[in-house]
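Analysis of the macromolecular model
Below are the chains, spelled out letter by letter.
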Amino acid sequence: MTRLKTICIILLISFPSTFHCVAQTTVSDDRYQLFIDFLKQEKLQQDDVFYYPFPFEDMDMRSYYKDFPVVTDSIQIAGILRNSIFYDNLRFRPKYDTQLLLPHSIDIDMIDQKRYNARAKVAVPDSSAHLLFSAADIGVPRRFDQLEATLMNMEDDVAYLLFEDKSRKRNYAYTQMSRYVAVYYDMVWEEEKASDSPELKYQPEFDIYYPNYKKEVRDPDTQKTLYHTTARIKGVANGSKGEVLGFETLVDDFRHALWLWNDEDPEGPWEEMLAQWKEHPLNTATAPNDTLQHPLYVVRLQATGRIARLDLTVLSNSMHHLDINLQQQTFATTPPYSIQHDIDARNIDAPVQNETHNSLIQKLKVVPYSYFPQAETMRIVAFLPASFNIQHYTAKLSFSHQAIVYPNGEKTEISTPKMPYRMTLDEKRFFNVNAYPHSMPVADIPIPVEEGCRLTGTVDYTYPNFKVTRYDIGSLPENVRYQKNSIYFGLSPKEFGEYGEILADYNFNVYDATGKPVSCNLYIADKGYRVECEKPIAWFTTIVNEGNIKGSIPVNIPLPVPTILPLNQDKQDSTYSESNY
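Residues numbered from 1 in each chain as written. Predicted model: local features only at pLDDT ≥ 70, side-chain atom pairs only at ≥ 80, totals over all residues. Heavy atoms only, no water.

Here we take up the pairing of strand β4 (residues 85–88). Both faces of the sheet carry side chains from a regular strand, because those side chains alternate between them. Of the two faces of β4, the one holding I85 and Y87 and the one holding F86 and D88 are both buried throughout. Pairing geometry for β4 and strand β5 (residues 93–96), over four bridges, is antiparallel. What sits directly across from F86, in β5, is K95. (Buried < 20%, exposed > 50% of the residue type's maximum accessible area, 1.4 Å probe, protein only. Helix = DSSP H or I, 4+ residues; strand = E, 2+ residues; numbered from the N terminus. Pairing = 2+ DSSP bridges.)

To continue, consider the pattern of salt bridges. Once the charged atoms of two side chains with opposite charge are near each other, the side chains can pair. All chains considered together, the criterion is met by 19 salt bridges. Between K40 and E155 there is a salt bridge, with its nearest N and O atoms 3.1 Å apart. Here E155 lies in strand β10 (residues 147–155) and K40 lies in helix α1 (residues 33–47), a separation of 115 residues in the sequence. Taking relative accessible area as the criterion, E155 reaches 3% and is therefore assigned buried. (Salt bridge = Lys/Arg side-chain N within 4 Å of Asp/Glu carboxyl O.)

Between helix α5 (residues 254–264) and helix α6 (residues 270–278), whose axes approach to 9 Å, the crossing angle comes to 140°. α5 and α6 meet at a crossing whose hand is left-handed. In this structure, α5 contributes F254, R255, L258, W261 and N262 to the contact, and α6 contributes W270, E271, M273, L274 and W277. Taken together, the residues of the contact of α5 with α6 sort by class into seven nonpolar, one polar and two charged. (Axes fitted to C-alpha atoms, helices over the stretch in contact; angles between N-to-C directions. Left-handed = near helix turned anticlockwise from the far one by under 90°. Contact = heavy atoms within 4.5 Å. Nonpolar A, V, L, I, M, F, W, Y, C, P; charged D, E, K, R; others polar.)

Below, the discussion takes up unusual backbone geometry. In this model, Q328 sits at a positive phi of 50°, which is unusual for a non-glycine residue. Residue position: Q328 is located in strand β21 (residues 319–330). Phi is positive for N479, close to 70°, though the residue is something other than glycine. Along the chain, N479 turns up in the loop between β28 (454–472) and β29 (480–483).

Extensive coverage of α5 is indicated by the burial of nine of its eleven residues. All buried positions along α5 are accounted for by F254, R255, H256, A257, L258, W259, L260, W261 and N262.

Helix length check: α1 (15 residues) gives 21 Å between terminal C-alpha atoms against 21 Å at 1.5 Å per residue, within 8%. Among the 15 residues of α1, 13 are classified as buried, and the element is accordingly described as predominantly covered. Once α1 ends, the next one or two residues include D48, with phi positive near 50°. (Expected span 1.5 Å × (residues − 1).)

Quick look at the nonpolar core now. Ranked by size, the top nonpolar core spans 30 residues in total, and within it L364, V366, I380 and V459 carry the most contacts. Of all the secondary-structure elements, those providing two or more residues to this core are β23 (365–372), β24 (377–383), β25 (396–405), β27 (442–446), β28 and β34 (539–558). Per element, the largest residue contribution to this core is four residues, and it comes from β28. Leaving out residues up to four positions away in the same chain, L364 has contacts with A382, F383, L384, L397, V459 and I553. With 29 residues, the next largest nonpolar core counts F144, L161, F206 and L312 among its residues. (Core = buried A, V, L, I, M, F, W, Y, C linked by side-chain atoms within 4.5 Å.)

This brings us to the packing of α1 against α5. Two elements in contact, α1 and α5, have axes separated by 12 Å at closest approach and are oriented at 50°. One finds that α1 runs oblique with respect to α5. Judged by the twist between their axes, the crossing of α1 over α5 is left-handed. Contacts between α1 and α5 pair L34, F35, F38, E42, Q45 and Q46 from the former with F254, A257, L258 and W261 from the latter. Looking at the contact of α1 with α5 residue by residue, the classes come out as seven nonpolar, two polar and one charged. (Parallel < 35°, antiparallel > 145°, perpendicular 65-115°, else oblique.)

Rendered as structure tokens:
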């Protein structure tokens, strides 16, 4: 892995005549501060980035990161397997696409284009548990099946956790020698080596995964058997209103990573951290030969919103195996196109919000998002409040005519790079699968070198406005009828599109009598279309683009000047908050 040179700094943001400080890090126990500082320093080393306070509304991504229950019943497991085996009409062979989120292997033999035989072996956990964390639980360990999990702190969109795996011990003797010697004797990478061969087991990496995470590996010897692995720990991060937030993690075996960094850069901050660790109360190695220790994993979880709660599902280490035979089975039917709530991870609750040029001027925000010390650049982002309108590809924002204006009136023009159609705010998939990234342009500008600098320029916009029409089941238009939880559309009503395009994607939403959304599937029917709903409905809406407005909005914002201080200057400095960036 390529490492950036060591930077050991705290970033404090100073606005002209104002000191901006948000939510200093507070932890319930000083024992955790070393682990938090370590994760912050490693984040800086790896990605060369500090973040300013999270500027956006919490981004709900529940339709992309679906949660599936832990299934342990053999009949249910067999049913999931049957519903996962399709016939691939393009490749003329079986296709396996499963929602069984347990370690398992499967062999499929095609009899003909309609039938198959399959044999599966499934590793079923003997038990599982939910470990719930909120700000009130900081420093309070949660225990299950020899795992001890502790929430060390929560800072806005970032949470820090500590896991102690008491189910096993690892030999850390190699941390008493140089990395060159340890690697030469092949003493280090036992977990990476363990992941090379397919088996019925959890992912060897100790991490928090999305609820629907799974990984497929084909047996390298037979090139036939498919092995599916899953994670022992899966997590859901929620915002204050119950939003399901996307997230990514940085996770380390603390003893291993501290040794690795200190060996690579012995004159950096790692030397002092290593000295602190030798005296740390959680360091149970009391003698040089006391090298067999339970692993301690430190985790930094960064989400697409302010974290209010973490729900971790933990599967037991102990498992039992099920052998399932599926003989003379018929291939499952390819699922129909779902027209409800599965579109591009969109926020289905986002309201339609039509705007004018004047209202957009009031609502547009342009703020610093992050800072890159090595590159000496600052990332600026422009965005509008979350709404149905900006989830469409026709909604676009872009920077132009940017300049930094200095206190003496001098101006430095900034060339505006051409951004790709779906630019990435953070070069991270966890952030950019949400519904809004194509309407969040970014610009990297030079770091201002003195107080009082301002960024000027314009943000160009294209903004779609929509017409929403409600149809009650009791008063449907001609050629539209409702029968047995299905709506039938003839081809003649122009308001539904000549080819039924209004019934697809974002344009069509169905509700029950309580106003809750109802999931539906779209089928081509005789002389029209049929929308089949999962339960009785009361009304539906269509949403039609009535036209786009275009224009430019002037930008003139103050630019903060990062102040760089040594991380270990004193105890107070070592408790800085990423929210301060």
